[in-house]
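If you want the building blocks of each chain, they are given just below.
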Amino acid sequence: MILFTTGRGTPFGTCVPTLKIASNSTIFARKPHWFDFNAGRTLEGENIAGLAGELLAQVIQVAAGRPVRAEALGSREIAIFKSGVTL
């Protein structure tokens, strides 16, 4: 499993489950179908320990077979080392 953080919504999917973590709530709100977890809530004052527990619970669920958003969308795109906007 890959825990992939992004702040601009880089599309990424590969041969292993990729749990996508939004680093800010703005991108999470714009692309909710791309992300599995919104870590930006820490910047809005939510308790980091509580969010860490929530993320861990999702990791366990994915490890047990629950599909991530990229799998549900059939996303198999990789955008690494690309400057500028990635679509």
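Just so it is clear, the structure is predicted and the values come from calculations on it, not from any experiment.

Q: Honestly, the pairing of strand β2 (residues 18-22) in this entry has me stumped. Any pointers?
A: On any regular strand, side chains alternate: one points to one face of the sheet, the next to the other face. Most of β2 sits inside the fold, with 5 of its 5 residues counted as buried. With burial as the criterion, each face of β2 is covered, one bearing T18, K20 and A22 and the other bearing L19 and I21. Sheet topology note: the strand β1 (residues 2-6)/β2 ladder contains 5 bridges and is parallel. Opposite I2, over in β2, you have T18 as the bridge partner.

Q: Which parts of the structure should I look at to understand the sheet that holds strand β3 (residues 37-38)?
A: Backbone hydrogen bonds hold the strands of a sheet together, and the pairing may be parallel or antiparallel. Spatial ordering of the open sheet is given by β1-β2-β3, a layout of 3 strands whose pairing is parallel. The open sheet has two edge strands with one neighbour each: β1 and β3. Running at roughly 160° to β2, helix α2 (residues 48-63) makes contact with β1, β2 and β3 of the sheet.

Rules behind the numbers
Residues numbered from 1 in each chain as written. Predicted model: local features only at pLDDT ≥ 70, side-chain atom pairs only at ≥ 80, totals over all residues. Heavy atoms only, no water. Buried < 20%, exposed > 50% of the residue type's maximum accessible area, 1.4 Å probe, protein only. Helix = DSSP H or I, 4+ residues; strand = E, 2+ residues; numbered from the N terminus. Pairing = 2+ DSSP bridges. Contact = heavy atoms within 4.5 Å. Axes fitted to C-alpha atoms, helices over the stretch in contact; angles between N-to-C directions.

By themselves, these observations are geometric and do not establish any function.
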